[in-house]
Amino acid sequence: MQTLTLSSNGRNGQLLDSKLSARLRAFRFLSDRFAQRDRSSYAAEFFLFVLIVLTATWSMFTLAHAMSSLAHAMSLTR
C-alpha cells in the first residue's frame, strides 16, 4: 500500500502522488467522512437492523408455510 503525504511547499495540501487510484481516493473520502461523524444515537441503526432481521425471518417463515401447504395439498390429491 502506498503512503501518502501532503505537500507543504505552496501546493495547498494537494497530494504528492498524482497517480492515486479513484478507488483509494473514494475509500479515503468515505473513511474520513464517517470516522468523524457524530455518533450520538444508535436508535436509527438499531431500527434498521431490526427491520432487516424481521424481513428476513418473515420471508423464511412464509416460504416454509407455503411449502407445508403445498405438501399437504399434494398429499390430499393422492
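All of these numbers come straight from a predicted model, not from anything done at the bench.

(A) Seen up close, the overall build of the chain. When you go through the chain residue by residue, the secondary structure sums to two helices and zero strands. Across the 78 residues of the chain, 4% fall into the buried class. Approximately 7400 Å² of the chain is accessible, and the part contributed by carbon and sulfur atoms is 65%.

(B) Inspection of a nonpolar patch on the surface at higher detail. On the surface, a cluster of nonpolar side chains totalling about 300 Å² of accessible area is made up of Phe 29, Leu 30 and Phe 34. Topologically, Phe 34 is positioned in helix 1 (residues 22-35).

Scoring rules and cut-offs
Each chain has its residues counted from 1, following the order in which its sequence is written. A pLDDT threshold of at least 70 governs which residues receive local features in this predicted model, and a stricter bar of 80 or more applies before side-chain atom pairs are shown or counted, although totals over entire chains, interfaces and linings include all residues. Only hydrogens and water are set aside when side-chain values are computed; all heavy atoms of the structure are taken into account. A run of H or I in DSSP becomes a helix once it reaches four residues, and a run of E becomes a strand once it reaches two; helices and strands are each numbered from the N terminus. Only protein chains enter the accessibility calculation, which uses a 1.4 Å probe; a residue is then buried when its area is under 20% of its type maximum, exposed when over 50%, and partly exposed in between. Exposure was quantified through the Shrake-Rupley algorithm and a 1.4 Å probe, taking into account, for residues, occlusion by the shown protein chains and nothing else. In this analysis, a patch consists of residues with relative accessible area above 30% that form no salt bridge, clustered at 9 Å for like charges and at 5 Å for the nonpolar side chains Val, Leu, Ile, Met, Phe, Trp and Tyr. Counted as salt bridges are all cases of a side-chain nitrogen of Lys or Arg within 4 Å of a carboxyl oxygen of Asp or Glu.

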